[in-house]
Every structure is written in structure tokens, then in C-alpha cells.
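Chain by chain, the residues:
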Amino acid sequence: MSLPHAILTALLEKPSSGLELTRRFDKSIGYFWSATHQQIYRELGKLEQSGFIRALPSAAPARGQKKEYEVLPAGRAELAQWAAAGQDPKPMRDPLLLRMRAAAVIGTGGLRAELERHLALHQGQLTKYHGIETKDFPPERDSEQDRLRHLVLRGGIELETFWIGWLTEALATLGEEPLDEAPPREGRPEK
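In what follows, the accompanying structure is described. In this text, all values refer to a predicted model and were calculated from it rather than measured experimentally.

Take the nonpolar core next. With 18 residues, the main nonpolar core has I7, L11, L21, F25, L44 and I53 as its most contacted residues. Elements that contribute at least two residues to this core include exactly α1 (2-13), α2 (18-27), α3 (37-49) and β3 (68-71). Ranked by residue count, the leading element in this core is α1, at six residues. When residues no more than four places from it in sequence are discounted, the contact partners of L44 are I7, L11, G18, L21, I53 and Y69. Ranked by size, the runner-up nonpolar core spans 17 residues in total, among them I157, W163, L167 and L174.

This is how it looks when you write it as C-alpha cells:
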């Protein structure tokens, strides 16, 4: 149920239309909680039906005009209750880790290129996060809200730093030449 809460958070930060909200997701919340535009629009409808948000009245309603939404007291209460509730960490499910486990069994052909591609993606994301940090969190921005938002970004920076280090180690462990065959399984004679 986290997408509705992500939307409530974004709307409490700033009332927005669905289009503005999807753009904001692409630039901030989407880095750690992704959603398609269709999912966001569908959730806006559900949140409105639940009485958590409402469309702001417009001066001159027109066909095709974008609705701007705001959070109602019931939505704020729902978000506060959700934010205060406990939740266990989710187990990690990463296809790359599963591919590496499979490569240990069937051989590593093609794995190096995939690891290098992932390394480049994580390096690019880290560069993007550092740019956001420089632009959005100068030392003079020190309110509690800014410190919490910066902490979320720092979490992303630390995760990208971890992946870069881990992928660098994985590439070094893999060595230069891919193994074409799986190692023999214990207890089974080599052919």
C-alpha cells in the first residue's frame, strides 16, 4: 500500500495535478519508489473516492483541464498512521545476484558485460544524486524537513556507493577471461 502513501506525501508537499505529480515522481520520489503514470492516475482516483484527497475547485471548468489535488484531513491522518506503523525490512530480490549464482553453476559467459553495464548505470545514478545534493541541499538549508529529505537522498547515495564497490569487486573476482564451463559439482566425477 506504499504508492498511495507516496502520492499523499507528494501532495502534502505541494498540491499538484496528475501530470505535475508524475513529473515530480520522475524527479524525486521515483528514485526510491517508482510508479508508472497510469498507476499514479489510477491511485489518484482511488484516493479521491476514499475521501483522502479532493480536486481543487477551478475558476472556469473546461474540458480537458487538468485537476489539481490536495490532501484532506482524512488523508493526512492516514499518512500519519502509516508513517508511524512498524514494518519489517523486505528481503532483497535482485535478478543480477541470481544471475551470478546461476553463473557459478553454468559458467560465466556474458556475465562480465552485464556487470560492467550495471557498474556504469550505478556510477551514472551516483553522479545524478550528487548533482541533486549540491543543488537542493546547500549547508544553509537546515530545517528538520530538509534534513530528513537529505537523509533519504544520502541513503540513495550510500546504496549506489555500495553497488559500485560491490560490482568493482565482482569484476575483479571474475577475472579477465569468462569461464565457459561450470565447475564440477562435488561428489561427481569430471567428464
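Glancing now at helix α7 (residues 144-174). For α7, with 31 residues, the first-to-last C-alpha span of 45 Å sits near the 45 Å given by 1.5 Å per residue. In this structure, the buried side of α7 is in contact with α5 (95-106) and α6 (111-136).

With that out of the way, let us pick up the packing of aromatic side chains. Throughout the structure, instances matching the rule amount to three aromatic pairs. Judged by centre distance (5.3 Å) and plane angle (90°), the rings of Y31 and Y129 are edge-to-face. Pair noted here: Y31 is in the loop between α2 and α3 and Y129 is in helix α6, with a separation of 98 residues, a long-range link. Classification of Y129 as buried rests on a relative accessible area of 6%. With 5.5 Å between their ring centres and 85° between their planes, W163 and W166 make a pair best called edge-to-face. With W163 and W166 both in helix α7 and three residues apart, this pair spans about one turn of that helix. By way of ring pairs, the aromatic residues F162, W163 and W166 are connected into one cluster.

How each quantity is defined
Residues numbered from 1 in each chain as written. Predicted model: local features only at pLDDT ≥ 70, side-chain atom pairs only at ≥ 80, totals over all residues. Heavy atoms only, no water. Core = buried A, V, L, I, M, F, W, Y, C linked by side-chain atoms within 4.5 Å. Buried < 20%, exposed > 50% of the residue type's maximum accessible area, 1.4 Å probe, protein only. Helix = DSSP H or I, 4+ residues; strand = E, 2+ residues; numbered from the N terminus. Contact = heavy atoms within 4.5 Å. Expected span 1.5 Å × (residues − 1). Phe/Tyr/Trp six-rings, centres within 6.5 Å; stacked < 30°, edge-to-face > 60°.

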